[in-house]
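Each chain, written out:
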Amino acid sequence: MAAKKMFGAVDASVLVTDLRRSFDDGVTRGYEWRVTQLKQLLIICDNHEPEIVAALRDDLGKPELESSVYEVSLLRNSIKLALKQLKNWMAPEKAKTSLTTFPASAEIVSEPLGVVLVISAWNYPFLLSIDPVIGAISAGNAVVLKPSELAPASSALLAKLMEQYLDSSAVRVVEGAVTETTALLEQKWDKIFYTGSSKIGRVIMAAAAKHLTPVVLELGGKSPVVVDSDTDLKVTVRRIIVGKWGCNNGQACVSPDYILTTKEYAPKVIDAMKKELETFYGKNPMESKDMSRIVNSTHFDRLSKLLDEKEVSDKIVYGGEKDRENLKIAPTILLDVPLDSLIMSEEIFGPLLPILTLNNLEECFDVIRSRPKPLAAYLFTHNKKLKERFATTVSAGGIVVNDIAVHLALHTLPFGGVGESGMGAYHGKFSFDAFSHKKAVLYRSLFGDSAVRYPPYSRGKLRL
Ligand code: NAD
């Protein structure tokens, strides 16, 4: 088999020039082109689901139901919404005028930005690649997608299907890792939409700054879950478990990173979690087919290092088993690991779940406030006042009360981070807006011209 040709800065430059020509020729601007491309994306979802599921099984050992629901179905919903709403989204929005501009009319026009770059992550390789592309196409841009090299089967399938179904004069996929992404980042883009770690987010932003390119950074962080004793414990732990181990085995950006509860309530939470974990995954969860595996040995070793710190491994209250050959780590619960341990300093992004205990819930909220702003923060309680206090005093990309991660399925809510967890947002109309320039357009009349604004200036004119 012939070796794949390297993709370098010259190829990246040629690619951007080609796409810019298409954009400048107006290929992507029209409603019909946008609709056609979106319909083609829908065909990919409808006709190729088994291949998508198989690629996700190869890359992550992802269970079929997880792949169908969290990748393909979410994408279908996203595309259908864009198809239904596109005319409304594209329509200029009337703006009020004032006495200063009278007589005039004004509107806000959503203008495509031009040629945009989408760089995506490996954990939900289809959703995180195609969902931003839906926004880019809906808004009338030419787009290059760079999927993650850490999910190679998904990356290859994305490249194949997008080349087969989409207009290659304006939509392209570049596969590759750091070298290829660096070559792409040297080019001038009109927007860069990046999903990945905060560490690489800084690399992306620095590269974008050279060309004054705006960015959306969809990053991660340590998303906390606060559990109040005034809750339905069974429902609470079932939702936490499925939000942690049932979503790519903790390798999800909105996955619960750690739990905060009171000293008195923690034993009850742990007992309930053990019971429900066994109900879901059996006595030997390492054998369960309903959980993804760790993506690769690098991430397996990273997670092992978090777990192997002496003051951390002593705190395991459930799980802890590891199998490097099969890239599996059991669902693992830890109680009261030190706040300055590695596991409490880095985003875990895997099946380990520390529980921290404090004297009361206000102290739990303080722990969250004292740390970098997370992508999501969760609270389980019946207490109305507590819900309100959490929503108003805790800062996070998004907040969910009494569930995990479901906010990302609601297209009426923006999805994105704040502070360390990112900037900008997407989903639904927010995706369209992320890839549009809101152009102010004012139509003035040539009638009713006033002398006040013209020199020679005089107080007398003001009294006219
Ligand atoms: P990553 O930052 O390692 O890689 C993401 C992308 O960046 C990949 O396409 C990769 O090829 C590219 N990349 C890696 N190193 C690079 C470099 N030096 N220069 C240029 N490009 C480079 O992230 P990841 O491991 O793929 O994903 C995990 C992280 O992403 C976690 O922090 C997670 O929370 C976050 N994440 C966020 C969201 C979200 O929607 N906010 C979704 C999924 C994952």
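Everything below is about the structure shown above.
The notes below deal with the structure included here.

Observations concerning the packing of helix α2 (residues 31-47) against helix α6 (residues 152-165)
Part 1 of the reasoning: Direction vectors running N to C along α2 and α6 enclose 135 degrees, while the axes themselves pass 10 Å from each other. Classified by the angle their axes make, α2 and α6 are oblique. Judged by the sense of rotation from one axis to the other, the crossing of α2 with α6 is right-handed. Between α2 and α6, the residues in contact are Gln-40, Ile-43 and Ile-44 and Leu-161, Met-162 and Tyr-165, respectively.
Part 2 of the reasoning: Partitioning the contact of α2 with α6 into residue classes produces five nonpolar, one polar and no charged.

Here's the deal with the sheet that holds strand β9 (residues 256-262)
Backbone hydrogen bonds are what pair the strands of a sheet, in a parallel or an antiparallel way.
Part 1 of the reasoning: Overall, mixed pairing links the seven strands, which are arranged β10-β13-β14-β9-β8-β15-β16 in an open sheet. Edge positions in the sheet fall to β10 (316-318) and β16 (398-401), since each of these pairs with one other strand and no more. If you compare each strand with its neighbour and ignore which way they point, the axes differ by 25 degrees on average.
Part 2 of the reasoning: Bridge analysis of β9 against strand β14 (residues 352-358) gives four bridges, and the strand direction is parallel. Looking at the pairing, Thr-261 lines up with Thr-357 of β14.
Part 3 of the reasoning: Each of β10, β13 (332-335) and β14 is contacted by helix α11 (residues 297-308), which is oriented at about 30 degrees to β14, the strand it contacts most.

Concerning the packing of α2 against helix α5 (residues 127-138)
Part 1 of the reasoning: Taken N-terminus to C-terminus, the directions of α2 and α5 make an angle of 160 degrees; their axes are 9 Å apart at the nearest point. Considered as vectors, α2 and α5 are oriented roughly antiparallel to each other. The hand of the α2/α5 crossing is left-handed. In contact with Trp-33, Arg-34, Gln-37, Leu-38 and Leu-41 of α2, α5 contributes Ile-130, Ile-134, Ile-137 and Ser-138.
Part 2 of the reasoning: Partitioned by chemical class, the residues of the contact of α2 with α5 number six nonpolar, two polar and one charged.

Some thoughts on the packing of aromatic side chains
Part 1 of the reasoning: One pass over the full model with this rule turns up seven aromatic pairs.
Part 2 of the reasoning: Between Trp-122 and Phe-349, the aromatic rings sit 5.4 Å apart at their centres with planes inclined by 85 degrees, giving edge-to-face as the arrangement. Taken together, the residues Trp-122 in the loop between β3 (115-119) and α5 and Phe-349 in the loop between β13 and β14 connect sequence positions 227 residues apart.
Part 3 of the reasoning: Here Lys-62 stacks its cationic end above the ring of Tyr-124, 3.6 Å away from the centre of that ring.

Some points on the site of the ligand
Part 1 of the reasoning: The immediate surroundings of the ligand are formed by 27 residues, with Lys-146, Glu-149, Tyr-194, Leu-219 and Glu-347 found nearest.
Part 2 of the reasoning: Backbone polar atom of Ser-120 to an oxygen atom of the ligand: 2.8 Å apart, as the coordinates give it.
Part 3 of the reasoning: With respect to the ligand, the backbone of Leu-219 contributes an N or O atom lying 2.7 Å from a nitrogen atom.
Part 4 of the reasoning: Secondary structure elements with two or more residues in the shell around the ligand: α7 (178-185), β6 (191-195) and α8 (198-209).
Part 5 of the reasoning: Top element by residues in the shell around the ligand is α7. It accounts for three residues.
Part 6 of the reasoning: For the shell around the ligand, the class distribution of residues is 15 nonpolar, eight polar and four charged.

Some details on the nonpolar core
Part 1 of the reasoning: Membership of the largest hydrophobic core comes to 108 residues, with the highest contact counts inside it found for Leu-38, Leu-41, Leu-184, Ile-192, Ile-240, Trp-245 and Met-273.
Part 2 of the reasoning: Of all the elements, helix α4 (residues 64-90) adds the most residues to this core, at nine residues.
Part 3 of the reasoning: Not counting the four nearest positions on each side in its chain, Trp-245 is found in contact with Gly-250, Met-273, Leu-277, Tyr-281, Met-291, Pro-331, Thr-332, Ile-333, Pro-351 and Leu-353.
Part 4 of the reasoning: With 30 residues, the next largest nonpolar core counts Leu-307, Val-367, Ala-377 and Val-394 among its residues.

Concerning the sheet that holds strand β2 (residues 104-112)
Part 1 of the reasoning: Pairing is antiparallel in the open sheet, where three strands are placed in the order β1-β2-β18. Looking along the sheet, the strands with just one partner apiece sit at the ends: β1 (93-95) and β18 (436-444). Adjacent strand axes in the sheet meet at a mean angle of 30 degrees, parallel and antiparallel pairs treated alike.
Part 2 of the reasoning: With three bridges connecting them, β1 and β2 associate as antiparallel partners. The partner of Glu-93 across the bridge, within β2, is Ile-108.

So, unusual backbone geometry
Part 1 of the reasoning: Across the junction of Phe-102 and Pro-103, the peptide omega takes the value -5 degrees, indicating a cis bond.
Part 2 of the reasoning: Put simply, Pro-455 and Pro-456 share a cis peptide bond, and its omega is -5 degrees.
Part 3 of the reasoning: By the secondary structure assignment, Pro-456 is in the loop between β18 and α16 (459-462).
Part 4 of the reasoning: With phi around 60 degrees, Asn-248 is a residue other than glycine that occupies positive phi space.
Part 5 of the reasoning: Mapped onto the fold, Asn-248 is located in the loop between α9 (233-244) and β9.
Part 6 of the reasoning: Of the residues examined, Asn-248 reaches a relative accessible area of 0% and is grouped as buried.
Part 7 of the reasoning: Unusually for a residue other than glycine, Asn-249 sits at a positive phi of about 55 degrees.
Part 8 of the reasoning: Along the chain, Asn-249 turns up in the loop between α9 and β9.
Part 9 of the reasoning: According to the relative accessible area criterion, Asn-249 is buried, its value standing at 2%.

Notes on the pattern of salt bridges
Part 1 of the reasoning: For the structure on display, the rule yields 23 salt bridges.
Part 2 of the reasoning: A salt bridge links Glu-111 to Lys-439; the nearest nitrogen and oxygen atoms lie 2.6 Å apart. Here Lys-439 lies in strand β18 and Glu-111 lies in strand β2, a separation of 328 residues in the sequence.
Part 3 of the reasoning: Given the relative accessible area of 31%, Lys-439 is considered partly exposed.

Details of the environment of Gly-221
Part 1 of the reasoning: You can see Gly-221 is positioned in the loop between β7 (215-218) and β8 (223-227).
Part 2 of the reasoning: The sequence separation of Gly-221 and Asp-59 amounts to 162 residues, and the corresponding C-alpha distance is 23 Å.

Digging into α9
Part 1 of the reasoning: A rise of 1.5 Å per residue sets the reference length of α9, with its 12 residues, at 16 Å; its end C-alpha atoms lie 16 Å apart and thus fit the reference within 8%.
Part 2 of the reasoning: Taken together, the buried residues of α9 touch β8, β9, α10 (266-281), β14 and β15 (376-380).
Part 3 of the reasoning: The distance from a side-chain oxygen at the start of α9 to the backbone nitrogen of Lys-234 is 3.2 Å, and the residue carrying that oxygen is Asp-232.

Rules behind the numbers
Residues numbered from 1 in each chain as written. Predicted model: local features only at pLDDT ≥ 70, side-chain atom pairs only at ≥ 80, totals over all residues. Heavy atoms only, no water. Axes fitted to C-alpha atoms, helices over the stretch in contact; angles between N-to-C directions. Helix = DSSP H or I, 4+ residues; strand = E, 2+ residues; numbered from the N terminus. Parallel < 35°, antiparallel > 145°, perpendicular 65-115°, else oblique. Left-handed = near helix turned anticlockwise from the far one by under 90°. Contact = heavy atoms within 4.5 Å. Nonpolar A, V, L, I, M, F, W, Y, C, P; charged D, E, K, R; others polar. Pairing = 2+ DSSP bridges. Phe/Tyr/Trp six-rings, centres within 6.5 Å; stacked < 30°, edge-to-face > 60°. Lys NZ or Arg CZ within 6 Å of the ring centre and 35° of its normal. Near = heavy atom within 4 Å. Polar contact = N/O pair within 3.5 Å; in protein donor to acceptor, adjacent residues only side chain to side chain. Core = buried A, V, L, I, M, F, W, Y, C linked by side-chain atoms within 4.5 Å. Buried < 20%, exposed > 50% of the residue type's maximum accessible area, 1.4 Å probe, protein only. Salt bridge = Lys/Arg side-chain N within 4 Å of Asp/Glu carboxyl O. Expected span 1.5 Å × (residues − 1).

Read these as spatial facts, not as claims about activity.
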